Amino acid sequence: MDPGAVVELTNASRWYGNVVAVNDISFQLAGGVTGLLGPNGAGKSTILHMVAGFLAPSSGSVTVGGEPSWRHPEMYRRIGLVPEREAVYPFLTGREFAAANARLQGMAPAEAAEAAARAIGLVELDDAADRPIGTYSKGMRQRAKVAAGLVHDPSILLLDEPFNGMDPRQRLHMMDLLHRMAAEGRTILFSSHILEEVERLAGRVLVIVSGRLAASGDFREIRRLMTDRPHTFTLRSSDDRALASALLAESTTAGAALDGGILTVRTNDFGAFSRAVTGIARRHQIRLHELLPTDESLESVFSYLVRR
Amino acid sequence: MTRREAAVAPRESATGAIYDLGYQGYDGPRLGRRAAVATLFWASLRAAFGLGRSGRSKLVPWGLTAIMLVPAAVAGAIQAIAPGGLSPFNYDNYLWDLQPILALFVAAQAPELVSSDQRNKVLSLYFSHALARSDYALAKFGAMAASLFIVALSPLLVILFASILASSDVTAAVGDQLGNLPQILLAPLIYAIPLAALGMAIASFTPRRAYATGAIIAVFLVTAAVGGILSEAGRGRMSQVAPLLNPFVLLDGTRNWLVGKSIPDSPVSAANLELAVFGALTAAFTLIGIAAVLWRYRRIAA
Amino acid sequence: MNGVIARITLRQLLSRRRTLLLLLLGGVLVLVAGIFRLAGEEARALPFTSGLLGNLGVGTLMPLVALIFGTGAIGAEIEDGTAIFLLAKPISRRTIVLTKLVVAAACSAALTCGPMLLAGLIAAGGLAEGLVPGMVAGAAIGSLLYCAVFVALSLVTGRALVFGLAYVLIWEGLLAGLFAGTRTFSVRQLTLAFADSIGGIPKEIFEAPVSALTAVVIGTFLLVGATLIAIRRLSAYEISGEAA
């Protein structure tokens, strides 16, 4: 992996007068896909703009490849940026736009044309590549921006709400593309407020709430760390009611509910419970058919973190 | 005002539920078209001065109004300190001398009133109410004219108060000045209404504010310059007719005809034409301007 | 100077509608010259041409054209957000500003000097002892100066057009008429000074109130100063505000 593809925030903050948009955030990215997740207005775009060198941190540091991102145009050689705003030059065709971006990155005309063709192919924009961008649909414009962002083969890719306006098929394709690029050693940072996107794409999640970093890491791990909130399981067995009363006798069980034929059990100690439940079932001669954790989704993690 | 009860009672079943969120309809009397027009007028007038918006949008209109007032205020102050001297500004020449400010005001604010609505595509929202298309056009025009009237009137009021306060006998001064009241009130009107018509006519044809501003100023600058040059260098007939190209000359002529005296600076006196001609032409271009705006809003897709 | 930026800027500035409208504006100049030829007094050709090129040309056409191109060179991209594509590149901000300035100035000069030359030739029936070439050359320099000021303005404020207009109408128009001192800092007057010295125009026809030396000094100061301000502002360009 390119040693320059390291993004690091150290106690970075950004405020506008009395409003603190980003509050003392630190993290380091070196390869892989990282998702910035948070409610609207949480500070995701602000962080992305700081990493992209379009916003100076009010305190702390934001570095890319060891150098501060602010006022450092040279770093754009290894950064590809896909901004959120829709506007693009409407009179250029998709191909021309990608090629222009390549030329501006310093590529020679022939090289640029080739790179543009490759980028257009990667985002599957070949059919419309020779029409002016002004005639594109929203999803096509988005893909054109992505093509322009990766035309110079950057080792760092920054994407602000990249799946805006894409239909499910395009989205899957884009996720696939980003996975591949990350597997090649690139660092990819994207922001989203849509849980499914982040769940599916990001190996690592940075949850931003009100400008603060509320949690970071694999979201299943984060869930496991949330010990002040009971885990919930649904169970299907040969005798739910008997199982429920047996479980309630256990100290690891925080509560059990039998509701409309479904047994839901809450426990504070995930590890101990999962070890204990099979033993309990066997002792009471109950057959366990299914044991499902029900709140390990990113959604429950997220809603917990946001309300904290 | 009566409120209709929620038509849907809360319902529940095993797998779903419908909740009563307290949404209530409205069956009471509605204020109707007149109120809609009045509201639009007042809202637009406030928008012309940037009221109810961020500080930035106040800078241009208030800045221009301030510049409009400065010479009058300065002259008034000088008069108070050293009375007896002749002020270079009076009710006749002030609006002529400061015409660039009025031109700038209409060029900057007319697009704010009409071009923004087209840019943001909110016309369909307006037209889906009791407001007719012509109502919208006229309310906006009225607001522009009213704002210009305020900008043009304020310095004249400053001159009025300055001369009253600067004199030794205030009551006599008030009596003297009462005779000037028609001029003080009508001259700004004579300037405001046609300028608003012209500005609105141009601005309503484009959703882009910058184009509108540029176009309005271009019309003023070019007509003034062309009129000036042709009147200077032309023979006979042409030098008489050329000044009529400049809308401000027409406005000054109308003012001269109806309420005031002639000014040496203005081409009106040099033109040697019947003053009524100016009045007629002013009325003509005002009506054409208003007609253009009405036509534009009748045809625009919303 | 960056070729790609130059080409994109050129395509942005010379859109069909804009070019047509500005040509129309220039056409007015030619039209007026034509009217004079047909209906004006031959004897007054020189003073008329001087007034035509000085007032309508330098005083009206030049600032309007420069305003449109100067504020549009980078202002439009800043306003709609496409500037980010230009800025997220390893290109020095100085290069970006200079390229755009040169393109804007070239377009302004072309659409100002062309009509002025044509109108001058028609009205004066020839080069008129340096009056026409002097005015045209002066206008080229003036276009550059105006563009530098307006490009800087568009990086300083979102309402560059209105402030630029205020500068032209109030500072150069109203105030220059009242206070002679402001003339030194008026691009219009500097242009006339250049025209006077380049064309060697005889005093009876036209005399510029500002000396040529002053014009060169002030003009350079204005050009360099405005460009430096523009480069500084672009280097510190910040995108603020959370997306909704």
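In what follows, the structure referred to is the one given above.
Computed from a predicted model, the values in this text were never measured in an experiment.

**So, the sheet that holds strand S6 (residues 79–82) of chain A**
All names here are of chain A.
At step 1: A sheet is described by the order of its strands in space; here six strands give the open sequence S6-S7-S8-S3-S9-S10, paired in mixed fashion. The two strands at the open ends of the sheet, each matched to only one other strand, are S6 and strand S10 (212–217). Direction aside, the axes of adjacent strands within the sheet are offset by 15° on average.
At step 2: The pairing of strand S3 (residues 32–37) with strand S9 (residues 204–209) spans four bridges and is classified as parallel.

**Re the packing of aromatic side chains**
At step 1: The final tally for this structure, using the stated rule, is 19 aromatic pairs over all chains.
At step 2: Ring plane angle 45° and centroid distance 5.5 Å describe the contact between B:Phe49 and B:Trp62, whose orientation is recorded as tilted. Of the two residues, B:Phe49 is situated in the loop between helix H1 (32–48) and helix H2 (56–81) and B:Trp62 in helix H2; the sequence distance between them amounts to 13 residues.
At step 3: Residue class for B:Phe49 comes out buried when judged on its relative accessible area of 7%.
At step 4: Residue class for B:Trp62 comes out partly exposed when judged on its relative accessible area of 42%.
At step 5: One aromatic cluster is present, formed by A:Tyr89, A:Phe91, A:Phe97 and C:Phe85 through successive ring pairs.

**Focus: the interface of chain A and chain C**
At step 1: Contacts between chain A and chain C engage 36 residues on the former and 32 residues on the latter.
At step 2: Summing both partners gives a buried area of about 3000 Å² for chain A against chain C, and 63% of it is carried by carbon and sulfur.
At step 3: Taken as a group, A:Phe54, A:Tyr89 and A:Leu104 account for 26% of the area that chain A buries against chain C, more than any other trio of residues on that side.
At step 4: One salt bridge connects C:Glu238 with A:Arg14, and the closest N-O pair in it is separated by 3.2 Å.
At step 5: Between the two partners, chain A and chain C, sit six residue pairs in polar contact (both at pLDDT 80 or more).
At step 6: Listed by contribution, the elements that provide at least two residues to the side of chain A that touches chain C are strand S1 (6–16), helix H1 (44–51) and helix H2 (94–104) of chain A.
At step 7: With six residues, H2(A) is the single largest residue contributor to the side of chain A that touches chain C.

Calculation rules
Residues numbered from 1 in each chain as written. Chains lettered and ligands numbered in written order. Predicted model: local features only at pLDDT ≥ 70, side-chain atom pairs only at ≥ 80, totals over all residues. Heavy atoms only, no water. Pairing = 2+ DSSP bridges. Helix = DSSP H or I, 4+ residues; strand = E, 2+ residues; numbered from the N terminus. Axes fitted to C-alpha atoms, helices over the stretch in contact; angles between N-to-C directions. Phe/Tyr/Trp six-rings, centres within 6.5 Å; stacked < 30°, edge-to-face > 60°. Buried < 20%, exposed > 50% of the residue type's maximum accessible area, 1.4 Å probe, protein only. Contact = heavy atoms within 4.5 Å. Buried area = accessible area lost by both parts, 1.4 Å probe. Salt bridge = Lys/Arg side-chain N within 4 Å of Asp/Glu carboxyl O. Polar contact = N/O pair within 3.5 Å; in protein donor to acceptor, adjacent residues only side chain to side chain.

Read these as spatial facts, not as claims about activity.
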